[in-house]
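Here is what each chain is made of, one letter per residue.
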Amino acid sequence: MAGRLRAWLDDRLGLGVLSEWAVGGSVPGGARLRYVFGWVLLYLFIQQAFLGILLAFYYSPSVTSAWASTAYLNDQVVGGWFIRGLHYHGASAMIVVIVLHLLQVVFAGAYRKPREVNWWSGLALAGIVILFAFTGYPLPWDQGAYWSTQVRSGIIASAPGGEVVRDLMQGGSETGNLTLTRYYALHVFVLPLAFTLLAGLHLYLRRRHGPTPPVTLSDEEAAARAQPFWPNQLFLAVVAMALCGVILLVATIATHGSELYAPADPSSNFTARPEWYFLGLYQLLKLFPGPLAIVGKVVIPGALAAFLFALPWVDRAESRRPRARLGILAAIAAILSGAVALSAVAIVDDANNEALQEGLAEAAKEAEKARELAKEGVPPAGGVAVWENDPEFAVRALFREHCANCHLLDGKGGEEGPSFDDYGTREWVAAIIRNPADPRFYGGTKHNTMEPLPVDDLGDDDLRAVSEYVYSLMGESAKAVDSELAARGKAIYDDKLECSGCHELEGESTGPALKGRGSVDWLKRIIADSSAADLYTDTAEMPKFTGKLTPEEIEALAQLLDRQRQKAEGGAPAAGEGA
Amino acid sequence: MADDEKAGEGSSRRTMLKIGVGVIGGGLGLIPLAPAIGYVAFPLDHKVTSSGGGFLPCGKRKGFGAEPVKVDLFADQVDAWQRSKDVKIGSAWVIELDGNLTAFSTVCPHLGCAIDFDPSAKKFICPCHKSFFSLSGAVEEGPSPRALDALDVKEDGDLVTIRYARFRQGTDAKEEV
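Residue numbers here run from 1 along each chain, matching the order of that chain's written sequence. Chain labels run from A onward and ligand labels from 1 onward, assigned in the order the entries are written. Residue-level local features of this predicted model are given only where pLDDT is at least 70; pairs of side-chain atoms are given and counted only at 80 or more, and the full residue set underlies all totals for whole chains, interfaces and linings.

Counting its regular elements, chain B contains two helices and eleven strands. Secondary structure elements follow DSSP: runs of H or I no shorter than four residues count as helices, runs of E no shorter than two count as strands, and numbering proceeds from the N terminus. What you see in chain B, going N to C, is helices and strands ordered as α-α-β-β-β-β-β-β-β-β-β-β-β. Throughout, radius of gyration means the C-alpha value; the globule benchmark is 2.2 Å times the number of residues raised to the power 0.38. The C-alpha atoms of chain B give 29 Å as radius of gyration, which overshoots the globular expectation for 177 residues (16 Å, by more than 25%). Principal axes of the C-alpha set define a box for chain B whose edges measure 100 × 35 × 20 Å. Three exposure classes are used, based on other C-beta atoms lying within 10 Å of a residue's own C-beta, which is placed from the backbone: buried for 20 or more, exposed for 12 or fewer, and partly exposed in between. Relative to its 177 residues, chain B shows a buried fraction of 23%. Considering only contacts within chain B whose residues lie at least 6 apart along the sequence, 46% involve residues at least 24 apart. Residue pairs are scored as contacts if the distance between their C-beta atoms, which are placed from the backbone, is within 7 Å.

Have a look at this one:
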């Protein structure tokens, strides 16, 4: 039955001819493990194509949706991280196997007549794989994608005539929506088509010229030991594919797929590093500073490409024997060692670069947070708009809406009420005691009754003590209080300056009572209603927000000011060093 | 090895190799194929698009009467990876019937075209497949399997709110999805 069906199909479709073309023929000298690399590459390409199509089921190429859709497919869609991870590691695997394939071909002298076109089409295929990596890496439009794209565009543009190439590739002189649509079109249509056509030519030529038999065998011996390609050589190829597949599987699971950094943010200071297979070129760039840069960017890589292309002509040896081609083999070995050495230097440099390592750790934390926030959905502005899901963003929006008319925060806002940039720190307390009339405090309001204290009335040392005391009244939020200094300050406060005449500790008070001043609870009361008897009473000009804002919103604003103070206190000066 | 081949004893060995190619190759195919199933089928058992739900304001009570009025309903929406605030999620025809407000979804129960109103004939019409509905939503003519889908309406003081919903299409029974 099966036989008849096969005969029927073969009659109509010519399957026999097809399979004879694909897996027929024999391997002179017998099947060998070292002939498997091309087949592993074919396997990897088919798997990459399959995974790429799957990724396209969810990925959306635009500046507003690229990151969000990648985060969605990676973190929410079932198995998404695995499919993306396998695609990512598959690219690395292709590069590794290409190098092995190339080394085997060079060692066997398989680039020589009559296989020059096999060699060139192979080089072109390798070039396409590099372009795949080049156009694929930017697609998620995360920090890594954005910044390495900036650098690569810069490299291309600095080559002679490179600006036109760059503008064509990324759709203009700036990166943006067109960059992603172009890279996407190249990555999923142009390059796969080119790769498929060239791979077809490559396979056709392999069939036409056959594998290159081991040079140690005479033609007769090779023919005598020949084995059929199917199944002998194909079996070895499939075993090699399986080995590669298992390594990829383990790598993907062990790394939980591929990195996805926080969304592209042109205003951040992310340190871009290329993928491992571009590290050699990256290190080469660093070797040639200034006017010599062109050497690292264009001359050396161009010379290498030209050398590989011209290899069939450069090789003038009489035979394929390695001993007859020592020069060629040495040159290839030198190139490979050079690339490995440069990459190793780059890796060691980076490992020893503490600032970079800290930056990477920071980037990883930021990525984790952004991806968590993205699970609620990313706002339509896309990418960095994911931070709008952050409560910090919401409270800042609240501040802009209700507070920024009168109060300055991070350099933005009105100047009627106190500015919040270092609000509540020791320095702030000292400054307001010294000169309460400074517009950064209550300059625009009715609080003008407190007298300034020039140095003659209160020396810097005593001011420091008084500030420490007032600062300490904040309670638990006060950081690293020097209690001795504060005690001395209290004495000056009570006896010499008689501050307590206006500022009670608690309860009804002419000026605000100072117990708990600056703490979150105190700030909440101020925001809710600053005219309370122990606060600003009849001089309060700030609107009462109780009723206008929910208690949660008021709490969030108070917490924001508290964080702001902690940020200003930053490096946590030891007690007393503040003034 | 070469001798085996010559002697023809290799044929069983070759069969083993052929089986090996099939088994290993098949197993290799499973690596990307197996996860692909759950990945592609993800929307089947996950809510991909969702909106806040609840009653959405559509206008003042005095704006509605015996003549149907079409209102647009706005709500926050999550569509796969995107969360949008206050986007149009649908619309409804609002009409006063026997002193009470009724709202009909503008989605035709037949195949989901937009229901229109013909003021001269005083009928709701689905222009795609020529279904006609009375002012109370009943099918008068055409392929629609059921009456227009009524939405929950609430009068909150002067304000009219509607709970927007979508229903399974093409069935006799009205079933919210």
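Check the secondary structure of chain A and you find 21 helices and four strands. Taking 579 residues into account, the globule formula puts the C-alpha radius of gyration at 25 Å, and chain A, at 35 Å, lies well above it. Projected onto its principal axes, the C-alpha coordinates of chain A cover approximately 115 × 60 × 40 Å. Counting only residues that meet the buried cut, chain A has 32% of its 579 residues in that class. Counted over contacts in chain A with a minimum sequence separation of 6, partners at least 24 positions apart contribute 70%.

How far each domain reaches was decided by an automatic or database domain assignment. When the domains of chain A are assigned, the result is domain 1 (27-262) and domain 2 (391-569). Centre-to-centre, using C-alpha coordinates, domain 1 of chain A lies 63 Å away from domain 2 of chain A.

Bringing the nonpolar core into the picture now. Side chains of a nonpolar character, in soluble globular proteins, are inclined to be buried together. The biggest cluster of nonpolar side chains holds 71 residues, and the ones touching the most others in it are Val40(A), Leu41(A), Leu44(A), Tyr72(A), Met94(A), Val97(A) and Trp141(A). The element contributing the most residues to this core is helix α5 (residues 80-108) of chain A, with ten residues. Apart from the residues within four sequence positions on either side, Tyr72(A) is in contact with Tyr58(A), Val77(A), Ala80(B) and Trp81(B). For the purposes of this analysis, a nonpolar core is taken to be any set of buried Ala, Val, Leu, Ile, Met, Phe, Trp, Tyr and Cys residues that are connected through C-beta atoms within 7 Å.

Quick look at the packing of helix α6 (residues 116-136) of chain A against helix α9 (residues 177-209) of chain A now. Residue and element names in this part refer to chain A. Angles run from 0 to 180 degrees between N-to-C directions of axes, and those axes are lines fitted to C-alpha atoms, restricted for helices to the stretch in contact. Direction vectors running N to C along α6 and α9 enclose 160°, while the axes themselves pass 9 Å from each other. In terms of axis orientation, α6 runs roughly antiparallel to α9. In the packing of α6 onto α9, the handedness of the crossing is left-handed. Comment on the angle field: the value is read as roughly parallel under 35 degrees, roughly antiparallel over 145, roughly perpendicular from 65 to 115, and oblique elsewhere. Crossing handedness is defined as follows: a turn of the near helix away from the far one that is anticlockwise and smaller than a right angle gives a left-handed crossing, while the clockwise case is right-handed.

Right, let's get into the packing of helix α18 (residues 460-472) of chain A against helix α19 (residues 483-496) of chain A. Residues and elements named next belong to chain A. Across the interface, α18 lies against α19 with an axial gap of 7 Å and an inter-helix angle of 100°. One element, α18, and the other, α19, form an angle in the roughly perpendicular class. Of the residues in α19, those touching α18 at Asp462, Ala465, Val466, Ser467, Glu468, Tyr469 and Ser472 are Leu485, Ala486, Arg488, Gly489, Lys490, Ile492 and Tyr493. Here the residues of the contact of α18 with α19 are counted per class, giving seven nonpolar, three polar and four charged. Charged means Asp, Glu, Lys or Arg here, nonpolar means Ala, Val, Leu, Ile, Met, Phe, Trp, Tyr, Cys or Pro, and polar covers whatever is left, Gly included.

Moving on to the pairing of strand β4 (residues 82-97) of chain B. Residue and element names in this part refer to chain B. Pairing analysis gives ten bridges linking strand β3 (residues 69-79) to β4, with the strands arranged antiparallel. Of the residues in β4, the one forming a bridge with Gln77 is Ser84. A pair of strands is considered paired only if DSSP assigns at least 2 bridges between the two. With six bridges joining them, β4 and strand β5 (residues 100-105) adopt antiparallel strand pairing. Along β5, the bridge assignment pairs Ile95 with Thr102. Turn length for the β4-β5 hairpin, with the two strands adjacent in sequence and antiparallel, is two residues, and the turn residue Asp98 shows positive phi of about 50°.

Moving on to unusual backbone geometry. For the peptide bond that leads from Lys113(A) to Pro114(A), omega is 5°, which places it in the cis range. For Pro114(A), the position within the fold is in the loop between α5 and α6. The omega torsion across Trp230(A) and Pro231(A) is 5°, close enough to zero to call that bond cis. Checked against the element boundaries, Pro231(A) lands in helix α11 (residues 229-254). The residue Lys130(B) is not glycine, and still its phi comes out positive at about 60°. Within the secondary structure, Lys130(B) is located in the loop between β7 (123-126) and β8 (131-133).

Looking now at the sheet that holds strand β2 (residues 55-60) of chain B. Residues and elements named next belong to chain B. Here we have seven strands laid out as an open sheet, ordered β1-β3-β4-β5-β10-β11-β2, and antiparallel in their pairing. At either end of the open sheet lies a strand with only one pairing partner, and these are β1 (49-51) and β2. Across the sheet, the axes of successive neighbouring strands diverge by a mean angle of 40°, strand direction being ignored. Judged from the five bridges that link them, β2 and strand β11 (residues 159-163) form a sheet pairing that is antiparallel. When the sheet's bridge partners are listed, Lys60 is paired in β11 with Leu159.

Here the focus is the interface of chain A and chain B. When the parts come together, some accessible area is lost, and that loss is often what is quoted as the size of the interface. Across the boundary between the two partners, chain A contributes 36 residues, which contact 24 residues of chain B. Contributions of two or more residues to the side of chain A that touches chain B are made by α3 (37-56), α4 (66-75), α5 and α11 of chain A. In terms of residues, the side of chain A that touches chain B owes the most to one element, α11(A), which gives ten residues. When grouped by side-chain class, the residues that make up the side of chain A that touches chain B number 24 nonpolar, ten polar and two charged.

With nine of its ten residues buried, α4(A) lies for the most part within the structure. What α4(A) keeps buried is the set Ala66(A), Trp67(A), Ala68(A), Ser69(A), Thr70(A), Ala71(A), Tyr72(A), Leu73(A) and Asn74(A). Next to the buried residues of α4(A) lie α3, α5, α9 and α15 (354-374) of chain A together with β4 of chain B.

As a further point, take α18(A). Residue and element names in this part refer to chain A. Expected span, for any helix, means 1.5 Å times one less than how many residues it has. Taking 1.5 Å of rise per residue, the 13 residues of α18 would be expected to cover 18 Å, and the 18 Å separating its terminal C-alpha atoms lies within 8% of that figure. Across the 13 residues of α18, ten count as buried, placing the element largely inside the fold. Here α18 has its buried residues at Leu463, Arg464, Ala465, Val466, Ser467, Glu468, Tyr469, Val470, Tyr471 and Ser472. Summarising the contacts, the buried residues of α18 are in contact with α17 (426-434) and α19.

In this section: the domain arrangement of chain B. Domain boundaries assigned for chain B yield domain 1 (2-43) and domain 2 (49-163). A C-alpha centroid distance of 58 Å is found between domain 1 of chain B and domain 2 of chain B.

Residues and elements named next belong to chain A. Structurally, Ala528 is set in helix α20 (residues 520-528). Sequence separation between Ala528 and Lys548 is 20 residues; the distance between their C-alpha atoms is 8.9 Å. What Ala528 contacts, discounting residues up to four positions off in sequence, is Lys544, Phe545, Thr546 and Ile554.

Bringing the sheet that holds strand β9 (residues 139-141) of chain B into the picture now. Strand pairing in a sheet takes place through backbone hydrogen bonds and is either antiparallel or parallel in direction. Residue and element names in this part refer to chain B. Reading across from one edge, β6-β7-β8-β9 is the order of the four strands in this open sheet, with antiparallel pairing throughout. Each edge of the open sheet carries a strand with a single partner, namely β6 (116-118) and β9. Averaged over all neighbouring strand pairs, the angle between strand axes comes to 40°, with direction disregarded. Note that β8 and β9 share two bridges and pair antiparallel. Across the sheet, residue Phe133 finds its bridge partner in β9, namely Val139.

Confidence scores labelled pLDDT are given residue by residue by the predictor and lie between 0 and 100. For chain A, mean pLDDT is 91; residues scoring 70 or higher make up 98% of the total. A low-confidence stretch, residues 572-579 of chain A stays under pLDDT 50, and its non-local contacts, those more than four residues away or across chains, total 20 contacts.

Attention now goes to the environment of Pro35(B). Looking at where Pro35(B) falls in the secondary structure, it is placed in helix α2 (residues 10-40). When the C-alpha positions of Pro35(B) and Gly10(B) are compared, they lie 38 Å apart, and in sequence the two are 25 residues distant.

Moving on: the environment of Asn389(A). Residue and element names in this part refer to chain A. Looking at the secondary structure, you find Asn389 in the loop between α15 and α16 (391-402). Given 19 C-beta atoms within 10 Å, Asn389 falls into the partly exposed group. The spatial distance from the C-alpha of Asn389 to the C-alpha of Gly377 is 8.4 Å, given a sequence separation of twelve residues. Once residues within four sequence positions are removed from consideration, Asn389 is found in contact with Leu373 and Glu376.

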